[in-house]
Amino acid sequence: MTGADSRTRATGVSRAGVLARVTVATLLVLAAPAVSFLLTTGILGSGASVEFPHGYAVTLIVTVLVTATASALGARLAGRAGLAAIRVVLAWWAIISFAVTVAGVSLGHAHLTELGIAILAAALAGLAVGLPLAARR
């Protein structure tokens, strides 16, 4: 029996249980920015139609808070097992934010650029909150 097997058995946590918690954590962190954008922006299907009916500041704050909360909850659920999942998902959002920001700047579309900045801020906030919590568990 390896050290990891004995530790898993000693704590009464099955691999399936760990996998389920990591999956839930991944889905929470993955969905958080998308859900907050759907709630705060008027996305109608194309980059040119992105609007901020409640104001950009509201979108930015809500997106950062929702992502940080989802990352914290995911970290609490998955513990150390969620470290890689949280990193990968938030790195994916950071890459998307870069692409959206570049597209907004190159197209001269201020709202698209702001959207990219909001995604990046959310990803950074999620990392800042989620990773330390996951590392402690």
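Each remark here, short or long, concerns the structure printed above.
What you see as residue numbers is a count from 1 along each chain, following the sequence as written. Local features in this predicted model are restricted to residues of pLDDT 70 or higher, and side-chain atom pairs are both shown and tallied only at a pLDDT of 80 or more, whereas totals for entire chains, interfaces and linings draw on every residue. Excluded from the side-chain calculations are hydrogens and water; all other atoms, namely the structure's heavy atoms, are used.

Visitor: Tell me about the nonpolar core, and name the residues and values.
Guide: Each nonpolar core is a collection of buried residues, namely Ala, Val, Leu, Ile, Met, Phe, Trp, Tyr and Cys, held together in the definition by side-chain atoms within 4.5 Å. Relative accessibility thresholds used throughout: buried, under 20% of the residue-type maximum; exposed, over 50%; partly exposed, between the two (1.4 Å probe, protein chains only). In terms of nonpolar packing, the biggest core is built from 18 residues, with I86, L90 and W93 touching the most fellow members. Looking at this core, the elements that each hand over two or more residues are α2 (15-40), α3 (56-78), α4 (83-107) and α5 (110-136). The element that contributes the greatest number of residues to this core is α5, accounting for eight residues. Residues in contact with L90, not counting those within four places in the same chain, are V29, T67, S71, A123, G126 and L127. Working definition: helices are DSSP H or I runs of at least four residues, strands are E runs of at least two. Numbering for both runs from the N terminus. Here, two residues are considered to be in contact whenever any of their heavy atoms come within 4.5 Å of each other.

Visitor: Quick one: what's the story with the packing of aromatic side chains, residue by residue and with numbers?
Guide: When the centres of two rings from Phe, Tyr and Trp lie within 6.5 Å, Trp using its six-membered ring, the rings pair. Their planes under 30 degrees apart give stacked, over 60 give edge-to-face, and anything left gives tilted. Summed over the entire model, instances satisfying the criterion amount to one aromatic pair. Taken together, a centroid distance of 5.1 Å and an interplanar angle of 70° make the contact between W92 and W93 edge-to-face.

Visitor: I'd like to hear about the environment of A25, residue by residue, with values.
Guide: With respect to the helices and strands, the residue A25 is situated in helix α2. A residue is classified by how much of its surface remains accessible, and A25, at 1% relative accessible area, is buried. Contact partners of A25, with chain neighbours within four places excluded, come to G74 and A78.

Visitor: Now, about α2: what can you tell me, with residues and values included?
Guide: Take the residue count of a helix, subtract one, and multiply by 1.5 Å to get its expected span. In a regular helix each residue adds 1.5 Å, so 26 residues correspond to 38 Å; α2 covers 38 Å between its end C-alpha atoms and thus fits that length. Working definition for bend: take the seven residues up to and ending at a residue and the seven starting at it, fit an axis to each, and measure the angle between the axes. Where α2 bends most, the angle comes to about 35°, and this point is A32, followed within four residues by the proline P33. Restricting attention to buried positions, one finds in α2 the residues V22, A25, V29, A32, P33, S36, F37 and T40. Close packing links the buried residues of α2 with α3, α4 and α5.

Visitor: Now, about the packing of α3 against α5: what can you tell me, with residues and values included?
Guide: Between α3 and α5, whose axes approach to 8 Å, the crossing angle comes to 25°. With respect to α5, the axis of α3 lies roughly parallel. Here α3 and α5 pass one another in a crossing that is right-handed. In contact with Y56, L60, T63, V64, T67, A68, S71, A72 and A75 of α3, α5 contributes E114, L115, I117, A118, A121, A122, A125, G126, V129, G130, L133 and A134. When its residues are assigned to classes, the contact of α3 with α5 shows 15 nonpolar, five polar and one charged. The angle between two axes is taken between their N-to-C directions and runs from 0 to 180 degrees, where each axis is a line fitted to C-alpha atoms and a helix contributes only its stretch in contact. Oblique is the label for every angle not falling under 35 degrees (roughly parallel), over 145 degrees (roughly antiparallel), or within 65 to 115 degrees (roughly perpendicular). Note on convention: the crossing is left-handed when the near helix lies turned anticlockwise from the far helix by less than a right angle, right-handed when the turn is clockwise. Asp, Glu, Lys and Arg are counted as charged, while Ala, Val, Leu, Ile, Met, Phe, Trp, Tyr, Cys and Pro are counted as nonpolar; the rest, among them Gly, fall into the polar class.

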